[in-house]
Amino acid sequence: MTTTPNTSTESPGTDPGAVPAVKRRGGIRGREGMAGWIFVTPVVVILGLFLLLPIIVAIWVSISDWGGKGSPLGANFVGADNYEALLTKPGLSQQNLATSLRNNLYYVILVVPIQTVLALVLASILNGRRLKGKGFFRTAFYFPSVTSSVAIVTVFLFMFTGTGVVNHILGWFGIHGPNWFNDPRGVLRLILGGLHIINPDSPPGWLVNNHFLGMSWYDWLSGPSVAMCALIILAVWTTGGTFMLMFLAALQDVPDDVLEAARVDGATRWQTFRSVTLPALRPTLFLVITLGLIGTWQVFDQIYLTGGGGPAKTTLTPAFLSYQAAFGDYKWGQGAAISFILFAIIIVLTIIQRLVMRERKKLPRRRRFGTVPPVGSGSETVAAATAGGSR
Amino acid sequence: MSSQRTIRIALAAVTGVALLVSAACGSNGGAGSSGSGSASQASSPSAGGQSGSSSGSASASGSGSASASGSGSASSSGSGSASASGSGSASGSGSASASGSAGASWTVPANMPKANLTILFGSSGDAETNALKAATADWAKKTGSTVQVTPASNLDQQLAQGFSSNTPPDLFYMDPSKLGTYAKAGNLWSYGDKLPNKSDFYPALVQSFTYQGQLYCAPKDQSTLALWINTDDWSKAGLTDSDIPTNWDQLDAVAKKLSTDGRVGLSLSPTRDRVDAFFVQNGGYLVNDDGTKATVNSDQNVKALTFVKKLLTDGAMKWSSDLNTGWGGEAFGTNKAAMTIEGPWMFGALSSDYPNIKYKIVPLPAGPTGTKGTLVFTNCWAISAASKNHDQAMNLVEYLTQPSVEMQFAKAFGVIPSVQSAQADYLKEFPDNKVFVDGIAYAKGVVSAPGVTEVLSDFDSQLGTLASGDPKSILDSVQTNLQAALSGS
């Protein structure tokens, strides 16, 4: 309700075409509203039926003892029992959730930055003027994104076997590759052990004896397993292309005159990129990181196809755990509760990310009132680009 | 700006709950379409350990696979040699069905109404599907009913959808580890105690499908574990028939001797469905005799798991996953291991994928106290509580568990009958399998309680790291979880 007036008061500045037209016809607005509602009815009904209703039922399931038989509406209310079993009550459920959250956290921490940077680099290269065969590279980089993830995972499973292609190539350099998808060892722990910071045979007591969500700090710190690393490579490779396309579209929107002005002002290539291109890309960057965060927190198909969380549960993720709890163990309430916990995590992270990125956006505006730097015109572009991107 | 924010959050919300929605709607893209995932599980029992379909009985591809190839005669040490090279008739067509000697004879009740029954089952392949279609068609013809037989692509998920929409199949295959979960949710119609031929089933199988004092369903087949030995590797290592291990020390010794040429002596799938056999051999098991209390961290079990760990750390044994193979059978078939512990489903795998391997099957070695032990896997004919045709479904089960029909299945796709009255005929037809049939006398079945699958798969995941782990603390954690599951929390 509050959002609608906001848009209409804010938009005249950014969107001069549409809004005044609405204002002009303010007098006969009542009838217009009626027609509007009739037009959106099909969508409202469809959304209500396929989105809102399932969500409400899922909320109900997460606070009930539904055992998967008949309608969930006949189940008994159990309060927060399902959430307690997952979050506070020591036991296998809590342990599984903690393990899956740890695995997914490392997955997100590695995949999101790497795929964003990779996508940006690829897009910048493809946007270069002198590059030949752009169409070919664009297709090649985007190809993994349009390929079936089942097929990709299957190919990766072959590539990353102990005697697979990857280890064969590593062998050329004298590296004895691990048995990727069967190796549960945590990479961070291997590194810490290798640097003699932590002795894997007798880890420090404060790490072992302190627990969070029923799992020791030492286990939280294990890092992604070798198997998970293979999945991380897979994810970066598959989604890098999609985001590259988004960056490419945004790059082509960066006005040439601004870039030219920067060049005239004597900015080096790096300075141009850092102070003109990158700020202009901020809305896209936000989109890419948000989509990346959401996508990585929900990773499911790769896990399903690589054997459901093995080795030693180091590739178990909350999304898969939710499926397993519901369909495998008939703990439908817990399954639903896990997905709401996941939902909460995603919401919180998105809000945090939004706050972080909004903070920076204010800086150029303030600078405009003070000394005007040479690239000041660039910041105006930012504002324009942001406004444009917000639609 | 704030509208933008709302949209973004809504976007996150939509995708965040998308999983749930798809779970509620049932058909999960990745799950449904995979095909390869579930299909491969069927052909290699508990390959990944995590798969959930732990029972070995779901497999054995190819019909008539029971003939040991060439000179690979099966001779068992100790308990009367069950040999016969080249083996008897390589099956195929249903030869004259043996009339059950002690089995109850099947009859159609005079006033049984006709019904349209549906069967959902995890098929090991066309051989099983066709055999089941043929047998149910016979029943349908005799009773005037119809039967629709559907092989499942993902049995668990399809059942879950059926239960929640109150339209489950009338009959379906059920693994004993699911019994507690399904029974507790009220999805099963308990009919086992009404069966006239109840006493004909092997006691270990009846135990597997008994929950809270009731036999819920009729076991449909069985398979036990035995030790498979590669005879070429065996003789190359200078071993003879007198070296066949009958206890743990001998197993350790021959496994070490066989670990040469980049080959490992023994390889197992990293799952409780193999390791538990060592518990039984040491007089222990995961639960007590009536299945009410967890006994996972008993001294016997700790000692048994310590022995397994010793095999691993000595290099005499490796998990199949550490050999880049999917399961013990593959490690054995590719000759990366000279011995493995598997069940009769290996016949099919060896004859179709690894025809050059010569082997010998012997009973599992006994523990330090001389106790013999193995594990038995089975599925049963479960009837849905929501089915409207309970009587007809039970009549069909009675028909399908007749010795003659079970023998048809045995010939068609290599399962071992679940009724004792078929034993004599079965051994006459498949003398090589005597070791598996004998095993049933001292075998333990799969533990069943609501939520037990989760506990057991946790056990599996810990077994993968046994070589560097502490057997006692692994068993302690499983004990806690299993006891929690058994006491219904």
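Thresholds applied
Residues numbered from 1 in each chain as written. Chains lettered and ligands numbered in written order. Predicted model: local features only at pLDDT ≥ 70, side-chain atom pairs only at ≥ 80, totals over all residues. Heavy atoms only, no water. Helix = DSSP H or I, 4+ residues; strand = E, 2+ residues; numbered from the N terminus. Buried < 20%, exposed > 50% of the residue type's maximum accessible area, 1.4 Å probe, protein only. Contact = heavy atoms within 4.5 Å. Areas by Shrake-Rupley, 256 points an atom, 1.4 Å probe, with all protein chains shown as cover. Phe/Tyr/Trp six-rings, centres within 6.5 Å; stacked < 30°, edge-to-face > 60°. Axes fitted to C-alpha atoms, helices over the stretch in contact; angles between N-to-C directions. Parallel < 35°, antiparallel > 145°, perpendicular 65-115°, else oblique. Left-handed = near helix turned anticlockwise from the far one by under 90°. Nonpolar A, V, L, I, M, F, W, Y, C, P; charged D, E, K, R; others polar. Core = buried A, V, L, I, M, F, W, Y, C linked by side-chain atoms within 4.5 Å. pLDDT = per-residue confidence, 0-100. Pairing = 2+ DSSP bridges. Disulfide = S-S within 2.5 Å. Patch = residues over 30% accessible without salt bridge, like charges linked within 9 Å, V, L, I, M, F, W, Y side chains within 5 Å. Salt bridge = Lys/Arg side-chain N within 4 Å of Asp/Glu carboxyl O.

The next subject is the overall build of chain A. Secondary structure assignment for chain A yields 19 helices and two strands. Per-residue burial for chain A yields a buried fraction of 41% across its 391 residues. For chain A, restricting intrachain contacts to residue pairs at least 6 apart in sequence, the fraction spanning at least 24 positions comes to 68%. Taken as a whole, chain A presents about 21,000 Å² of accessible surface, with 67% of it coming from carbon and sulfur.

The next thing to look at is the overall build of chain B. In terms of helices and strands, chain B carries 19 helices and 15 strands. Looking at chain B residue by residue over its 489 residues, the buried ones come to 58%. Put simply, 76% of the contacts in chain B that link residues at least 6 apart link residues at least 24 apart. Here chain B displays about 17,000 Å² of accessible surface, and carbon together with sulfur accounts for 51% of that area.

Turning to the packing of aromatic side chains, a few remarks are in order. In the structure shown here, the tally under the stated rule is 43 aromatic pairs over all chains. With 5.4 Å between their ring centres and 70° between their planes, Phe136 of chain A and Phe137 of chain A make a pair best called edge-to-face. Residue Phe136 of chain A is classed as exposed on the basis of its relative accessible area of 60%. For Phe137 of chain A, a relative accessible area of 32% puts it in the partly exposed group. Centre to centre, the rings of Phe278 of chain B and Phe307 of chain B are 6.0 Å apart; their planes meet at 55°, and the pair counts as tilted.

The angle between the axes and the distance between the axes are what describe a pair of packed helices. All names here are of chain B. At a minimum axis separation of 8 Å, helix α10 (residues 272-281) and helix α11 (residues 299-314) run at an interaxial angle of 125°. Taken as axis vectors, α10 and α11 run oblique relative to one another. For α10 against α11, the interelement crossing comes out right-handed. Of α11, the residues touching α10 (which contributes Val275, Phe278 and Phe279) are Asn301, Ala304, Leu305, Phe307 and Val308. For the contact of α10 with α11, a count of residues per class yields seven nonpolar, one polar and no charged.

Looking now at the nonpolar core. In terms of nonpolar packing, the biggest core is built from 193 residues, with Met174, Tyr191, Leu266, Met339, Trp381 and Phe409 of chain B touching the most fellow members. For Met339 of chain B, the contacting residues outside a window of four places in its chain are Leu227, Trp228, Ile229, Trp234, Leu251, Val254, Ala255, Leu258, Gly265, Leu266, Ser267 and Phe332 of chain B.

With that settled, consider the confidence of the model for chain A. Residues and elements named next belong to chain A. Taken residue by residue, chain A gives an average pLDDT of 83. The fraction at 70 or more is 84%. For residues 1-22, every residue scores under 50 in pLDDT, and the model assigns this stretch 13 contacts once sequence neighbours within four places are set aside. Predicted confidence for residues 374-391 stays below pLDDT 50, and this span has 19 contacts to residues more than four positions away or in other chains.

Turning next to the sheet that holds strand β13 (residues 374-377) of chain B. Residue and element names in this part refer to chain B. Reading across from one edge, β7-β13-β15 is the order of the three strands in this open sheet, with mixed pairing throughout. Of all the strands in the sheet, just β7 (223-224) and β15 (443-444) have a single pairing partner and so form its edges. The pairing of β13 with β15 spans two bridges and is classified as parallel. Counterpart to Leu375 in the pairing with β15 is Lys444.

Residue and element names in this part refer to chain B. Inspection of every chain in the model, using the stated rule, returns one disulfide over all chains. One disulfide bridge connects Cys217 with Cys380, the sulfur atoms lying 2.0 Å from each other. Measuring the twist about the S-S bond at about -85°, one finds the Cys217-Cys380 disulfide to be left-handed. A residue pair is termed long-range when its members are at least 10 positions apart, and Cys217 in the loop between β5 (214-215) and β6 (218-219) and Cys380 in strand β14 (residues 380-383) qualify at 163 residues. Of the two residues, Cys217 and Cys380, both sit in the buried class.

The next point concerns the side chain of Asn82 of chain A. With respect to the helices and strands, Asn82 of chain A occurs in helix α4 (residues 81-87). The contacts of Asn82 of chain A, once residues within four sequence positions are left out, are Val61, Ser62, Ile63, Ser64, Gly333, Gln334 and Ala337 of chain A.

Moving on to unusual backbone geometry. Although it is not a glycine, His196 of chain A adopts a positive phi angle of roughly 60°. The class for His196 of chain A is exposed, based on a relative accessible area of 71%. Even without being glycine, Asn324 of chain B reaches a positive phi, approximately 65°. With respect to the helices, strands and loops of the structure, Asn324 of chain B is situated in the loop between β10 (317-319) and α12 (328-333). The exposure class assigned to Asn324 of chain B is partly exposed, which follows from its relative accessible area of 25%.

Attention now goes to a nonpolar patch on the surface. Taken together, the side chains of Val165, Ile169, Trp172, Phe173 and Ile175 of chain A define a hydrophobic patch exposed on the protein surface, amounting to about 570 Å² of accessible area. Mapped onto the secondary structure, Ile175 of chain A falls in the loop between α8 (165-172) and α9 (187-194).

Let us look at the sheet that holds strand β9 (residues 264-268) of chain B. Hydrogen bonding along the main chain pairs the strands of a sheet, whether they run parallel or antiparallel. Residues and elements named next belong to chain B. Reading across the sheet, the five strands line up as β10-β9-β11-β8-β12 and stay open at both edges, with mixed pairing between neighbours. Strand pairing shows two members of the sheet lacking a second neighbour, β10 and β12 (359-362), which therefore form its edges. Within the sheet, the average angular offset between the axes of one strand and its neighbour, ignoring direction, is 25°. The pairing of strand β8 (residues 226-230) with strand β11 (residues 337-342) spans four bridges and is classified as antiparallel. In the strand pairing of β11, Trp228 is matched with Thr340.

Right, let's talk about the pairing of strand β3 (residues 171-174) of chain B for a bit. All names here are of chain B. Covered by surrounding structure in β3 are Leu171 and Tyr173 together with Phe172 and Met174, the residues of both alternating faces. In this sheet, β3 lies alongside strand β1 (residues 116-121) in parallel orientation, the contact comprising two bridges. Pairing of Leu120 across the sheet is with Phe172, part of β3. Where β3 lies against β14, four bridges are found, and the strand directions are antiparallel.

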